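Notes for the structure review
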Amino acid sequence: MQRSTASLMNPHRDASAPRWAAPVGAALCAAVFALAATPAHGATPQYGGILKVALDGDPACVDPQQPGNNTALNIGRQITDSLTDQDPETGNIVPWLATTWKAEEDNRRFTFVLRDGATFSDGSKLDADAVKANFDGIVKMGARASLASTYLAGVDRIEAPDAHTVVVVFKEPNAQFLQATSTMSLGLLSKATLARSYEERCQGQVVGSGPFVLTSFTHNQGAKLQRRDDYAWPSSLATHRDKAYLEGIEFRIIPESGVRNGSLLSRQVDVNTSVQPQDEKVLLAQGLPILARSNPGLVYSFFPNESLPLWAAPAVRRALVKGINRPELQTILSRYQQPATSVLAKTTPSYVDQSQALAYDPKGAIKLLEDDGWLPGKDGIREKNGERLTVRLEYWQSVTYLELIQQQLREIGVDLQLKKSVIGQVNAIRDTGKMPIQFYNLTRADPDILRTVFLASGRNVNFRAPAEVDAVLAQSAAAQDPAQRKQLIARAAELLVADGHAIPLVELATVGATGKHVQGLHYDASSRLQFYDTWLQK
């Protein structure tokens, strides 16, 4: 069976693999869930076989350097390697394509030494010049690389003094950059890929150095990956060192949860990457392993557009924070998910519990609204100057709890209108800057995700003017002392919730299921599936 990331991750890990990073604390493991079955101890991994994987939606863009949804990221991770990796148990940064590194000049200067022999699947060398070309390309891509570009924000220069050495120099201290090198957003692609248009890359014209090669990608149907038989440079977290066990991976897009489960039970697919709460009991009753892990980073939240009149003043924003009964959401959530206790998930380094600030307080919410002039109308929905207190939310995610939140907000006089759409439509409206409120989570195993999303001079999800929180976020990125950085992150999280810039809802857990014959499948530190060590028991 698969390994539990809580206690069984990499039971045969190479003990000689170097590990160069201080632990970030036991909190990372607190929300990592065990599997439903016991691993097959002593079983010998077997090569061969095509793994059939069911995805719940269309990968909008399979280029890992451009933003993608979870389905795209689960594909991209298999074809792309990174300079470093992050241990999901400890949060330590460990070697991958870089064998050693050092941070100097108060985290302004980072030097990486690359391993020998790594190549891209087109045969070109993965050397220092290729790394420099990738990072320069991400900076040039700008907003299109909405995550990766923030990781390199403030870069002064990128150097390749020799074939094995990469030097990245920032203008200011950058405490988050080392962890950023473990992410897929800074994953490395061949120079031939970098020469293609961004749209071509999104549509599948991507060549990486990973253990698999993308051979086909068709929107709303699926993707196929083929093993690289010459692959021999896995992360130091891997349990073996040569080619992947699987001959290939076939991703199938199956939007209906019942069809995905039926396909898994009948062995038409081997993995269901998205198990819905109502389906968990059926799978457990059949003895199928459940694989679940809380996603680090930003929890599912509402993000008000403060450039619009309704959200410009804090009263309505703060009322929504108080008017949502988060514990009640647990009644319809997966057993592996939980209501938000902070703007950050528990598996994020520097997480601090904000439960008190998120406590259900309908009386306090009503007072905020009435003090701001929102009074009950005939049907209970509040009005002000002839305008109803209506919040329109268009979203694409398959979640079960928005209707309950809709009912809760109606009790304080807020009319939350829900419209389920598709990701392309939602993103198009978002890009106009006129979407009243956004709803999403964002996964990253580093608290700098707050700076990425909220900084007024960056993505600025709220379309707001600069405020105190921006100075705190900037200071957190420059902080050298881990304790000081944690304090700054805690202060930033406090301000974001107190002013209603973020309205945290639910801490997402990625929940999947596999056939009993699937071995070695696990999540990485960002809760993306890692198939390199996966094999099929015959």
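Basis of the calculations
- Numbering of residues starts from 1 in each chain and follows the order in which that chain's sequence is written.
- Reporting of local features is limited, given that this is a predicted model, to residues whose pLDDT is at least 70; pairs of side-chain atoms are given and counted only at 80 or more, and all residues count toward the totals for whole chains, interfaces and linings.
- As a rule here, side-chain values come from all non-hydrogen atoms in the structure, and water together with hydrogens is ignored.
- The secondary structure listing takes helices from DSSP runs of H or I that are at least 4 residues long and strands from runs of E that are at least 2 residues long, numbered from the N terminus.
- The reference for a compact globule is 2.2 Å times residues^0.38; the radius of gyration itself is calculated from the C-alpha atoms.
- Burial classes follow relative accessibility: with a 1.4 Å probe on protein chains only, a residue under 20% of its type's maximum area counts as buried, one over 50% as exposed, and anything between as partly exposed.
- For the area figures, the Shrake-Rupley method with a 1.4 Å probe applies, and any residue is considered shielded solely by the protein chains shown.
- Any Lys or Arg side-chain nitrogen located within 4 Å of an Asp or Glu carboxyl oxygen qualifies as a salt bridge.
- Distance and chemistry together define a polar contact, namely a pair of N or O atoms within 3.5 Å, with one atom able to donate a hydrogen and the other to accept it when in protein, and with adjacent residues in sequence counting only for side-chain atoms on both sides.
- We call two residues contacting when some pair of their heavy atoms lies within 4.5 Å.
- Sulfur atoms of two cysteines make up a disulfide when they are within 2.5 Å.
- Two strands form a pair only when DSSP identifies at least two bridges running between them.

The protein chain goes by Glutathione-binding protein GsiB in an unreviewed UniProt entry, where it is assigned to Achromobacter deleyi.

1. Details of the overall build of the protein chain
Within the protein chain one finds 18 helices and 26 strands. Over its C-alpha atoms the protein chain spans a radius of gyration of 23 Å, differing by no more than 12% from the 24 Å that the globule rule assigns to 538 residues. Oriented by its inertia axes, the alpha-carbon framework of the protein chain measures out at about 70 × 55 × 40 Å. Sorting the 538 residues of the protein chain into buried and exposed places 58% on the buried side. Of the roughly 20600 Å² of accessible surface on the protein chain, 51% is carried by carbon and sulfur atoms.

2. What about unusual backbone geometry?
Positive phi is not limited to glycine here, since Glu105 has a value of about 55 degrees. For Glu105, the location among the structural elements is in the loop between strand 4 (98-104) and strand 5 (109-114).

3. Some details on the pattern of salt bridges
Tallied over the entire structure, the rule returns 29 salt bridges. Arg109 is the salt-bridge partner of Glu104, the closest N and O atoms lying 3.8 Å from each other. Accessibility expressed as a relative area gives 21% for Arg109, which makes it partly exposed. Shared partners join several salt bridges into a network, and the residues in it are Lys102, Glu104 and Arg109.

4. Considering the side chain of Ser527
Inspection of the secondary structure assignment puts Ser527 in the loop between strand 24 (522-523) and strand 25 (529-530). Of the polar contacts made by the side chain of Ser527, one reaches the side chain of Arg293; its length is 3.2 Å. When residues no more than four places from it in sequence are discounted, the contact partners of Ser527 are Arg293, Ser294, Asn295, Pro296 and Thr510.

5. Quick look at the state of the cysteines
When the sulfur atoms of two cysteines share a covalent bond, that bond is a disulfide. If you walk through the whole model with that rule in mind, you get 1 disulfide. Each sulfur in the disulfide pair Cys61 and Cys202 lies 2.0 Å from the other. Across the S-S bond of Cys61 and Cys202 the torsion is about -85 degrees, and the bridge reads as left-handed. A residue pair is termed long-range when its members are at least 10 positions apart, and Cys61 in the loop between strand 1 (50-55) and helix 2 (70-79) and Cys202 in helix 7 (residues 198-202) qualify at 141 residues. A residue is classified by how much of its surface remains accessible, and Cys61, at 5% relative accessible area, is buried. Judged by relative accessible area, Cys202 falls into the buried class, the value being 7%.

6. A closer look at the pairing of strand 9 (residues 222-227)
With 6 bridges joining them, strand 8 (residues 212-218) and strand 9 adopt antiparallel strand pairing. By the bridge assignment, Leu214 is partnered in strand 9 with Leu225. Taking the residues between adjacent antiparallel strands as the criterion, strand 8 and strand 9 are bridged by 3 residues, where Asn220 takes a positive phi near 65 degrees. Relative to strand 10 (residues 248-253), strand 9 runs antiparallel, the two sharing 5 bridges. Pairing of Gly222 across the sheet is with Arg252, part of strand 10.

7. Some points on the environment of Ser342
Mapped onto the secondary structure, Ser342 falls in the loop between strand 14 (338-339) and helix 13 (362-371). Placed 14 residues apart in sequence, Ser342 and Gln356 show a C-alpha to C-alpha distance of 9.5 Å. When neighbours within four sequence positions are excluded, Ser342 is seen to be in contact with Val299, Tyr351, Val352, Gln354, Leu358 and Pro504. A polar contact is formed between the side chain of Ser342 and the backbone nitrogen of Leu344, at a distance of 3.0 Å. A polar contact is formed between the side chain of Ser342 and the backbone oxygen of Val352, at a distance of 3.5 Å.

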